[in-house]
Amino acid sequence: GAGVSQTPSNKVTEKGKYVELRCDPISGHTALYWYRQSLGQGPEFLIYFQGTGAADDSGLPNDRFFAVRPEGSVSTLKIQRTERGDSAVYLCASSLSREETQYFGPGTRLLVL
Amino acid sequence: DQQVKQNSPSLSVQEGRISILNCDYTNSMFDYFLWYKKYPAEGPTFLISISSIKDKNEDGRFTVFLNKSAKHLSLHIVPSQPGDSAVYFCAASVRRGSNYKLTFGKGTLLTVNP
């Protein structure tokens, strides 16, 4: 079956701009996670959704970052007033339930100039 | 403060030999451990996992060993194949109390030479 998909695959933007990153999880997966991977680092947790609600957003670095999952499937990560330090690969993962294995998408490479 | 550490940034082995990737952790609350493999421009792919109630889990050429007293786990790949060349991430989570998020190490680049 289809895996986790993320769009766009690459995004170049200018400092101060707003960006939206989209994640389509595996069909039927109720749990959805966003991670961020900076150069030379492992993925770092940002936010977790169970269904439509954000069960844990403790990893979001500041209030410029926000994520939604209005219908319990597709999720959008939104970054306002982007900064150069936001440049990273943003990874989305989904799992059948929170106890199950997380499957990752290919990521969105964000470059803030 | 890194809770999951992979101290070897890279490892090079010959095809057919054993690859051993190591991982140390500091958080004694971690009770579930996973290894992911990542090719360039792709997302991490789940490889194998182990619960803290076990000390070994095997799946084909891949075996993960857990030493809880040393807070250390290792991934053994035998025999190694050129297609195994990738970055390997160790990850951990706390499943007691439903803390599901993964904490990753920085990764080890494995190169298997033909």
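Everything that follows concerns the structure shown earlier in this document.
Cut-offs applied
- Residues numbered from 1 in each chain as written.
- Chains lettered and ligands numbered in written order.
- Predicted model: local features only at pLDDT ≥ 70, side-chain atom pairs only at ≥ 80, totals over all residues.
- Heavy atoms only, no water.
- Patch = residues over 30% accessible without salt bridge, like charges linked within 9 Å, V, L, I, M, F, W, Y side chains within 5 Å.
- Areas by Shrake-Rupley, 256 points an atom, 1.4 Å probe, with all protein chains shown as cover.
- Salt bridge = Lys/Arg side-chain N within 4 Å of Asp/Glu carboxyl O.
- Helix = DSSP H or I, 4+ residues; strand = E, 2+ residues; numbered from the N terminus.
- Pairing = 2+ DSSP bridges.
- Axes fitted to C-alpha atoms, helices over the stretch in contact; angles between N-to-C directions.
- Disulfide = S-S within 2.5 Å.
- Buried < 20%, exposed > 50% of the residue type's maximum accessible area, 1.4 Å probe, protein only.
- Polar contact = N/O pair within 3.5 Å; in protein donor to acceptor, adjacent residues only side chain to side chain.
- Contact = heavy atoms within 4.5 Å.
- Core = buried A, V, L, I, M, F, W, Y, C linked by side-chain atoms within 4.5 Å.

A. Geometry of a nonpolar patch on the surface. A contiguous nonpolar patch, built from Val-12, Leu-111 and Leu-113 of chain A and spanning about 270 Å² of accessible area, is present on the exposed surface. For Leu-113 of chain A, the position within the fold is in the segment after β11 (108-112).

B. Spatial organisation of the sheet that holds strand β3 (residues 19-24) of chain A. All names here are of chain A. Sheet architecture is open: 4 strands sit in the order β1-β3-β8-β7, paired in antiparallel fashion. For this open sheet the edge positions go to β1 (5-7) and β7 (65-68), each flanked by a neighbour on one side alone. Neighbour-to-neighbour, the strand axes of this sheet turn through a mean angle of 15°, independent of strand direction. The pairing of β3 with strand β8 (residues 75-79) spans 5 bridges and is classified as antiparallel. Across the sheet, residue Val-19 finds its bridge partner in β8, namely Ile-79.

C. Representation of the state of the cysteines in the model. Under the counting rule described, the total for this entry stands at 2 disulfides over all chains. Through a disulfide, Cys-23 of chain A is tied to Cys-92 of chain A; the S-S separation comes to 1.8 Å. Taking the sign of the S-S torsion, about -65° here, the bridge from Cys-23 of chain A to Cys-92 of chain A comes out left-handed. Residue Cys-23 of chain A is found in strand β3, and its partner Cys-92 of chain A is found in strand β9 (residues 88-95); the two are separated by 69 residues along the sequence. This pair shows no difference in class: Cys-23 of chain A is buried, exactly as Cys-92 of chain A is. The disulfide partner of Cys-23 of chain B is Cys-90 of chain B, and the S-S distance across this bridge is 2.1 Å. Disulfide Cys-23 of chain B-Cys-90 of chain B: the torsion about the S-S bond is -75°, which places it as left-handed.

D. Structural view of the side chain of Gln-6 of chain B. All names here are of chain B. Tracing the sequence through the fold places Gln-6 in the loop between β1 (4-5) and β2 (10-14). What makes Gln-6 buried here is its relative accessible area of 8%. At 2.9 Å, the side chain of Gln-6 and the backbone oxygen of Tyr-88 are in polar contact. The residues touching Gln-6, leaving out its near neighbours within four places in the chain, are Asn-22, Cys-23, Trp-35, Tyr-88, Phe-89, Cys-90, Gly-105, Lys-106, Gly-107 and Thr-108.

E. Spotlight on the nonpolar core. Grouped together as the largest cluster of nonpolar side chains are 24 residues, with contacts concentrated most on Phe-33, Trp-35, Leu-73, Leu-75 and Tyr-88 of chain B. Those elements that place two or more of their residues in this core are β3 (19-25), β4 (32-38), β5 (45-51), β7 (62-67), β8 (72-77), β9 (86-94) and β11 (108-113) of chain B. The element contributing the most residues to this core is β9 of chain B, with 5 residues. Judged by nonpolar contacts, the second largest core, of 19 residues, contains Leu-21, Trp-34, Leu-46 and Val-112 of chain A.

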